[in-house]
Amino acid sequence: MTTRTIEPAVLRITELDHEPARELVGGKAWSLWRMSDLGLRVPPAFVITTRSCADYFEQGRTLGDALFDQIAAGITHLEDRTGRTFGRGEHPLLVSVRSGAAVSMPGMMDTILNLGINADTEQALAAETGHADFAADVHRRFCALYGKLVAGCLDDLEDLPDTESVVAAITEETGATMPSDPMVALREAISAVFDSSRSRRAKAYRAHYGIPDDLGTAVTVQAMVFGNLDDDSGTGVLFTRNPLSGVRDPYGEYLPRGQGEDVVSGRVTPRPLSWLADNHPGLHRELITAAELLDNEGRDAQDIEFTIQHGRLYLLQSRPAKRTAQAAVRIATALVDEGTIDPATACGRVTAEQVRHLMRPVIDPDEIGAATPLATGISASPGYAVGPVVLSADEAQRNPGSILVRESTSPEDVHGMIAAAVVTENGGSTSHAAVVSRALDTPCVVGCGAGTAAALAGRIVTVDATGARIFGGEIGGRATGIHDDPSLAALLGWARAAAPITTVDPESLDGNAFDADVAMRVTGTQTPTIPAGTTAVRGAYFDTDEGVAAAVDAGVGLIGTTNPLPVLLAALAHRKA
């Protein structure tokens, strides 16, 4: 009889001597293990598994004492690794509490930074670093995150000037008080991160992508490093390949004296990565070397989060980068050219829907004429959209095809972003608005400047997200073709060789081919039944993923279509599923 090994509920992920299951530890913790295993510098961490998340909900949203004993042992381990003490002493240990599902859902769940700070540890941190303003900033930041994510404040706490005003605002709105015991705060923070896996935004994201709704999340607890410490500190995001175009050039942003949430939130606009190269060339070289290693080992474009603390580089996460449809095609074909993946794998890296997105019209330069843009910014996700401007995610959800214009977006706006093109006043190419729009493959322009929302409110506008311009009124578009793009043409050839069906021009099929359009008109159904023994089909239904799946399941060998690539990719994906 074989005895099954049961993993503990808490794992010391940065010291694990074997590869953990991603579905157990989540993508974020898995990436920490991977980077540690490659010898890269990662702050020590432990992870509370997804199985514990399921137990938490089964037990009525209760974090059991047995589990918390393991968490406390994890904290002791971090103390031993760092030589610091959690929430006390002359050298206090502060931690981040970060969500991480098995399937990447950027920005959908919560993260709490700087946990372990209180009045005493603020003084100790100030004495240790010689930067009282830094210690005060850390305390203020933690209280603002705690107020929003744990206490449930709806008011904006980020712009309040100091800890006292943040704490007062939390108490006034919710009646909650800040816990002075860091272990109490830790317990509450972990519960809040578990709860965020069932938030409205997380559910909307999973529904849009067909992700199981009971996925849950792991929680990673990691020793803090501080990008807001001094002038030799900062935080940033690096993509190993351009997530808009797919070109193999490092692409990213860096924010001196910032923490990671500053970049993601879009409240500020960071500097381009070239600033780091110009001002800290040694650190930039070290970062690029690590990025190349992670790109090669991951066999895919990577999205890397990093922090520099007093001139020392730390890597916090590496994951497959969210990318536009154009980038997905170019990266997949480039990896084949580099000998990293084979053509069949490349076909699995691009979805039928991404190709359909690429075939949508783009703004027609001949139609622009002498029109002057109402606003310009940074292209965060290319594309073309025309519609009325709305200023809230709820309005965008009620009016699909509108243009959502915001100062910046947050995870609470995702339900609206699913339905609209996005324009923001603030933020850069790695902000929340940019990352989520690329994942959704919707047009997005960021960093258009203060007052953009007020100036555009209620107008019909044309968004040329590729050129990062917003025009008044409707400007026409023009169609694109597969043979206009060598990467698409290469992908089409590989898909023809691998797919379980063949495609031809529908006009070339003889009259014996089953015609879905005719069948639906005759029967009044939207899901026609394919007669037994049918070998060839045509009609708009068979240009959809559902129709392709039905044809493959019915043993059809030939589909008539004028859009062969998405049909072939859908057939390959269905066969793999």
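Residues numbered from 1 in each chain as written. Predicted model: local features only at pLDDT ≥ 70, side-chain atom pairs only at ≥ 80, totals over all residues. Heavy atoms only, no water.

Trainee: Could you clarify how one ought to interpret the packing of aromatic side chains in this entry?
Mentor: Here a ring pair, both rings aromatic, is described through the centre-centre distance and the interplanar angle of the planes. The tally for this structure, following the rule as stated, stands at 10 aromatic pairs. Judged by centre distance (5.8 Å) and plane angle (20 degrees), the ring pair of Tyr-254 and Trp-275 falls under stacked. On the criterion of sequence distance, the pair formed by Tyr-254 in strand S9 (residues 251–256) and Trp-275 in helix H10 (residues 273–279) is long-range, its members being 21 residues apart. In this structure an aromatic cluster arises from ring pairing among Tyr-56, Phe-57 and Phe-194. Above the plane of the ring of Trp-30 lies Arg-22, whose end atom (NZ or CZ) is 4.3 Å from the centre. (Phe/Tyr/Trp six-rings, centres within 6.5 Å; stacked < 30°, edge-to-face > 60°. Helix = DSSP H or I, 4+ residues; strand = E, 2+ residues; numbered from the N terminus. Lys NZ or Arg CZ within 6 Å of the ring centre and 35° of its normal.)

Trainee: Looking at this structure, how should I read the pairing of strand S18 (residues 421–424)?
Mentor: Remember that side chains alternate between the two faces of the sheet whenever the strand is regular. Alternating positions in S18 separate into two faces, Ala-421 and Val-423 on one and Val-422 and Thr-424 on the other, with burial throughout. Sheet topology note: the strand S17 (residues 403–406)/S18 ladder contains 4 bridges and is parallel. Its bridge partner being in S18, Ile-403 is matched across the sheet by Ala-421. With respect to chirality, the unit in which S18 leads through helix H18 (residues 432–440) into the neighbouring parallel strand S19 (residues 444–446) is right-handed. (Buried < 20%, exposed > 50% of the residue type's maximum accessible area, 1.4 Å probe, protein only. Pairing = 2+ DSSP bridges. Right-handed = clockwise from strand over helix to strand, strands pointing away.)

Trainee: In this structure, what is going on with the sheet that holds strand S14 (residues 375–376)? I would like to understand it.
Mentor: One key point about sheets: their strands pair by backbone hydrogen bonds, in either a parallel or an antiparallel sense. Taken in spatial order, the 8 strands of this open sheet run S14-S21-S20-S16-S17-S18-S19-S15, and their pairing is mixed. A strand with exactly one partner marks an edge of an open sheet, and here the two such strands are S14 and strand S15 (378–381). Lying over the sheet, H18 contacts S15, S18 and S19, oriented at roughly 170 degrees with respect to S19. (Contact = heavy atoms within 4.5 Å. Axes fitted to C-alpha atoms, helices over the stretch in contact; angles between N-to-C directions.)

Trainee: Please explain the packing of helix H20 (residues 486–498) against helix H23 (residues 564–576) as it appears in this structure.
Mentor: The axes of two packed helices give the description: the angle between them and the distance between them. Contact pair H20 / H23: the axes reach a minimum separation of 9 Å and the direction vectors enclose 45 degrees. Comparing their axes, H23 and H20 come out oblique. Handedness of the H20/H23 crossing: left-handed. Each of Leu-488, Leu-491, Leu-492, Ala-495, Arg-496 and Ala-498 in H20 lies in contact with H23, whose residues at this interface are Pro-564, Leu-565, Leu-568, Leu-569, Leu-572 and Arg-575. (Parallel < 35°, antiparallel > 145°, perpendicular 65-115°, else oblique. Left-handed = near helix turned anticlockwise from the far one by under 90°.)

Trainee: Sorry, what's going on with the sheet that holds strand S7 (residues 218–223) here?
Mentor: Here 5 strands make up an open sheet; going across it, the order is S1-S2-S7-S5-S6 and the pairing antiparallel. Looking at which strands have only one partner, the edges of the open sheet turn out to be strand S1 (10–11) and strand S6 (111–115). Of the pairings in the sheet, the one linking S1 to strand S2 (residues 45–48) comprises 2 bridges and is antiparallel in character. Bridge assignment links Leu-11 to a residue of S2, and that residue is Val-47.

Trainee: Help me understand the UniProt feature "domain: PEP-utilising enzyme mobile" (unreviewed entry) in the protein chain in this model?
Mentor: On the UniProt side, "domain: PEP-utilising enzyme mobile" (unreviewed entry) is annotated at positions that read residues 400–466 here. A helix fraction of 27% and a strand fraction of 24% characterise residues 400–466, whose end C-alpha atoms lie 21 Å from each other. (UniProt positions renumbered as here; feature names shortened; annotations may be inferred.)

Trainee: It is not clear to me how the packing of helix H4 (residues 119–129) against helix H5 (residues 132–149) should be interpreted in this structure. Could you clarify?
Mentor: One can describe the packing of H4 onto H5 by two numbers: an axis separation of 8 Å at closest approach and a directional angle of 150 degrees. Taken as a pair, H4 and H5 cross one another with a handedness that is right-handed. Within the contact between the two elements, H4 uses Ala-119, Glu-122, Leu-125, Ala-126 and Thr-129 and H5 uses Ala-132, Phe-134, Ala-135, Ala-136, Val-138 and His-139. Considered class by class, the residues forming the contact of H4 with H5 number 8 nonpolar, 2 polar and 1 charged. (Nonpolar A, V, L, I, M, F, W, Y, C, P; charged D, E, K, R; others polar.)

Trainee: What should I look at first to understand the side chain of Ser-381 in this one?
Mentor: Relative to the elements of secondary structure, Ser-381 occurs in strand S15. A distance of 2.9 Å separates a polar atom in the side chain of Ser-381 from the backbone oxygen of Thr-442. Those residues in contact with Ser-381, other than ones at most four positions away along the chain, are Leu-244, Thr-324, Ser-437, Arg-438, Asp-441, Thr-442, Pro-443, Cys-444 and Ala-465. (Polar contact = N/O pair within 3.5 Å; in protein donor to acceptor, adjacent residues only side chain to side chain.)

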